[in-house]
Structures are given as structure tokens and as C-alpha cells.
Amino acid sequence: MKLKRDDRVRLFLMRDNKFEGRNRHDDVVLDAEQDYFIYLTNVNLRNGNLIEGRYMGEIDEKNPILDKKCKIAISDLDNRKWLIDGKLIRTAPMVAVNNKTNVIIIIQQ
């Protein structure tokens, strides 16, 4: 199954800090072992292990949207939350997820 623009997707943190993506029907659309770099809008970050948002497409490291204003989000599984510079974050207008390098980038805050 392939994701289309504006599809609702939930990314679950799995083994080795990789994410498995599921659609609204709970079908796996992004395997945790895949190397993908995608971006989402209208994002909710939950429990330190779940990212929900609308799929916008694939992105690469050279994309101008990834600039110095972007922040890296860290999962704090022990306390079930997401942090940026030690501060709690629950939502974000746009997020990029690089499953190859296990990096979550908050594009706008």
C-alpha cells in the first residue's frame, strides 16, 4: 500500500529507534526497516513513541525547507514525551522524519 499526499499516518517507534508507519485502517504503509525521509503536517507527538500527522511527501537533506531554524526532537520514553532542547513538545505544524538516521526534525514551531 502506498501513501498519498494528505493521507493520515501514524508512525510508531519500534526496535532500533526506527519507525513503522500505519494508515487510518491500521495497515502498514512504511516498514520500520525501510530507509525513508518524509515530512508530515498538522503533527501530534504522543507518549514519546508515536507521531501522527498528514503525509506530505518525501524530502531529502538538500531541501531548502531544512534550515537553521529547524530543531531536532528527542524521544523520552521513560517519561513518555517528546523534547526539544529539554522542553516538552506535543504538536508541530510540520515535521520531517528520517528513518535511516533516526532523526525527527521539527521544521516549524
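Let me sum up the structure you'll find in this document. (Residues numbered from 1 in each chain as written. Predicted model: local features only at pLDDT ≥ 70, side-chain atom pairs only at ≥ 80, totals over all residues. Heavy atoms only, no water.)

### Considerations on the overall build of the protein chain
Inference 1: Each helix and strand in the protein chain was counted, giving zero helices and 10 strands.
Inference 2: Along the protein chain, helices and strands appear, N-terminal first, in the series β-β-β-β-β-β-β-β-β-β.
Inference 3: The C-alpha radius of gyration of the protein chain comes to 13 Å, within 12% of the 13 Å expected for a compact globule of 109 residues.
Inference 4: Each of the three principal axes of the protein chain carries a C-alpha extent, and together these read 35 × 35 × 25 Å.
Inference 5: By the burial criterion, 45% of the 109 residues in the protein chain qualify as buried.
Inference 6: Considering only intrachain contacts with a sequence separation of at least 6, the fraction spanning at least 24 residues in the protein chain is 50%.
Inference 7: Accessible surface for the protein chain amounts to roughly 6,700 Å². Of this, 44% is attributable to carbon and sulfur atoms.
Inference 8: In the protein chain, 20 positive and 17 negative side-chain charges are present, and the distance between their average locations comes to 6 Å. (Helix = DSSP H or I, 4+ residues; strand = E, 2+ residues; numbered from the N terminus. Rg over C-alpha atoms; globule rule 2.2 N^0.38 Å. Buried < 20%, exposed > 50% of the residue type's maximum accessible area, 1.4 Å probe, protein only. Contact = heavy atoms within 4.5 Å. Areas by Shrake-Rupley, 256 points an atom, 1.4 Å probe, with all protein chains shown as cover. Lys, Arg positive; Asp, Glu negative; His and termini not counted. Charge placed at Lys NZ, Arg CZ, Asp CG, Glu CD.)

### Some points on the nonpolar core
Inference 1: With 23 residues, the main nonpolar core has Leu 11, Phe 19, Ile 51 and Val 97 as its most contacted residues.
Inference 2: Elements represented by at least two residues in this core include exactly β1 (8–13), β3 (28–30), β4 (37–46), β5 (50–58), β7 (81–84), β9 (91–98) and β10 (103–108).
Inference 3: For this core, the element with the most residues is β4, which contributes four residues.
Inference 4: One finds Ile 59, Met 94, Ala 96 and Ile 107 within the second-largest nonpolar core, a separate group that totals 10 residues. (Core = buried A, V, L, I, M, F, W, Y, C linked by side-chain atoms within 4.5 Å.)

### Regarding the pattern of salt bridges
Inference 1: In this structure the tally under the stated criterion is five salt bridges.
Inference 2: Here Arg 10 makes a salt bridge to Asp 26, at a shortest N to O gap of 2.8 Å. Of this pair, Arg 10 sits in strand β1 while Asp 26 is found in the loop between β2 (19–22) and β3, placing the two residues 16 residues apart along the sequence.
Inference 3: We note a salt bridge from Arg 22 to Glu 20, for which the minimum N-O separation is 3.0 Å.
Inference 4: Judged by its relative accessible area of 13%, Glu 20 is buried.
Inference 5: Through salt bridges with shared partners, a single ionic network connects Arg 10, Glu 20, Arg 22 and Asp 26. (Salt bridge = Lys/Arg side-chain N within 4 Å of Asp/Glu carboxyl O.)

### Notes on the side chain of Glu 20
Inference 1: Mapping Glu 20 onto the fold places it in strand β2.
Inference 2: A distance of 3.0 Å separates polar atoms of two side chains, one belonging to Glu 20 and the other to Arg 22.
Inference 3: Look past the residues within four positions of Glu 20 in its chain and what remains in contact with it is Arg 10, Leu 11, Phe 12, Met 14, Val 28, Leu 30, Ala 32 and Tyr 36. (Polar contact = N/O pair within 3.5 Å; in protein donor to acceptor, adjacent residues only side chain to side chain.)

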